[in-house]
Amino acid sequence: MNRPSWDEYFMEMAEVAEKRSTCTRRTVGAVIVKDNRIMATGYNGVPTGIEHCGDRGCLREKLNVPSGQRHELCRGLHAEQNAIIQAAHLGQSIANGTLYCTNQPCVICAKMIINAGIDRIVIKEGYPDELAVEMLTEAGLKIEVLVRP
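Not measured: the values here are computed from a predicted model.

Draft legend 1. Broad picture of the nonpolar core. One finds Ile-32, Ile-94, Leu-99, Ile-113, Ile-118 and Ile-121 to be the most contacted residues of the largest nonpolar core, which totals 25 residues. Of all elements in the fold, only β1 (29–34), β2 (37–43), α4 (79–90), β3 (98–103), α5 (107–116), β4 (120–125) and α6 (130–138) reach the threshold of two or more residues within this core. By residue number, the principal contributor to this core is α5, which donates 5 residues. In this view, Ile-94 contacts Ile-32, Met-39, Ile-84, Ala-87, Ala-116, Gly-117 and Ile-118; residues no more than four positions away in its chain are not counted. Judged by nonpolar contacts, the second largest core, of 8 residues, contains Met-11, Val-33, Val-122 and Leu-146.

Written out as structure tokens, the structure reads:
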């Protein structure tokens, strides 16, 4: 039997969460795990009850905002943010957990991850945000890229 490793398994879960994304520019999924148990999931998209960008149009596209810049000019939340919010909403402690994310966190998410007490970050691919890497490194968090066979 060829079972996936825990990292592969949880990254596949993040990839499934990514399929729920409503962002028209980049789809991202995230899973927060503690003791090999899923505590919360998230994907990028607008808050509950808000019209999706696919229906309304992307503000960042309209303003020609490059990827990785001016995150405040977006109606949506990032997958990591939604996973952290979901954990808080459900009363789940994510301190000392691992974040699996299909993209490297941006600097806004990095700050939230640090203060949420996440111990480990595993990503599928990078993102153009060096400040995020710098801050995560300074906080003692290493971003691990999952290499699949």
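Draft legend 2. Highlighting the environment of Cys-101. Take Cys-101: it is sitting in strand β3. The sequence separation of Cys-101 and Lys-34 amounts to 67 residues, and the corresponding C-alpha distance is 14 Å. Other than its neighbours up to four places away in sequence, Cys-101 contacts Met-11, Val-28, Gly-29, Ala-30, Glu-80, Val-122, Ile-123 and Lys-124.

Draft legend 3. Seen up close, the packing of α5 against α6. Running from N to C, α5 and α6 point in directions that differ by 15°, and their axes come no closer than 8 Å. As judged from the angle between their axes, α5 and α6 are roughly parallel. Once α5 is placed against α6, the crossing between them reads as right-handed. Residues Val-107, Ala-110, Lys-111, Ile-113 and Ile-114 of α5 touch α6, and the partners they reach there are Leu-131, Ala-132, Met-135 and Leu-136. Per-class residue counts for the contact of α5 with α6 are 8 nonpolar, no polar and 1 charged.

Draft legend 4. Local environment of helix α1 (residues 6–18). A rise of 1.5 Å per residue sets the reference length of α1, with its 13 residues, at 18 Å; its end C-alpha atoms lie 18 Å apart and thus fit the reference within 8%. Those residues of α1 not exposed but buried are Asp-7, Glu-8, Phe-10, Met-11, Ala-14, Glu-15, Ala-17 and Glu-18.

Draft legend 5. Geometry of unusual backbone geometry. Of note in the backbone geometry, Asn-64 takes a positive phi value of approximately 55° without being a glycine. Structurally, Asn-64 is set in the loop between α3 (59–62) and α4. With a phi close to 70°, Asn-96 is a non-glycine residue in the positive phi region.

Draft legend 6. Spotlight on the pattern of salt bridges. Taken as a whole and assessed by the stated rule, the structure comprises 6 salt bridges. Of the charged contacts in the structure, one is a salt bridge between Asp-7 and Arg-120, with a shortest N-O distance of 2.7 Å. One end of the pair, Asp-7, is in helix α1; the other, Arg-120, is in strand β4, and 113 residues separate them in sequence. Take Arg-120: its relative accessible area is 23%, and that puts it in the partly exposed class. Between Arg-70 and Glu-72 there is a salt bridge, with the nearest N and O atoms lying 2.6 Å from each other. Owing to a relative accessible area of 52%, Glu-72 belongs among the exposed residues under this scheme. Bridged by salt links that share partners, the residues Asp-7, Arg-120 and Glu-144 form one connected network.

The rules behind each value
- Residues numbered from 1 in each chain as written.
- Predicted model: local features only at pLDDT ≥ 70, side-chain atom pairs only at ≥ 80, totals over all residues.
- Heavy atoms only, no water.
- Core = buried A, V, L, I, M, F, W, Y, C linked by side-chain atoms within 4.5 Å.
- Buried < 20%, exposed > 50% of the residue type's maximum accessible area, 1.4 Å probe, protein only.
- Helix = DSSP H or I, 4+ residues; strand = E, 2+ residues; numbered from the N terminus.
- Contact = heavy atoms within 4.5 Å.
- Axes fitted to C-alpha atoms, helices over the stretch in contact; angles between N-to-C directions.
- Parallel < 35°, antiparallel > 145°, perpendicular 65-115°, else oblique.
- Left-handed = near helix turned anticlockwise from the far one by under 90°.
- Nonpolar A, V, L, I, M, F, W, Y, C, P; charged D, E, K, R; others polar.
- Expected span 1.5 Å × (residues − 1).
- Salt bridge = Lys/Arg side-chain N within 4 Å of Asp/Glu carboxyl O.

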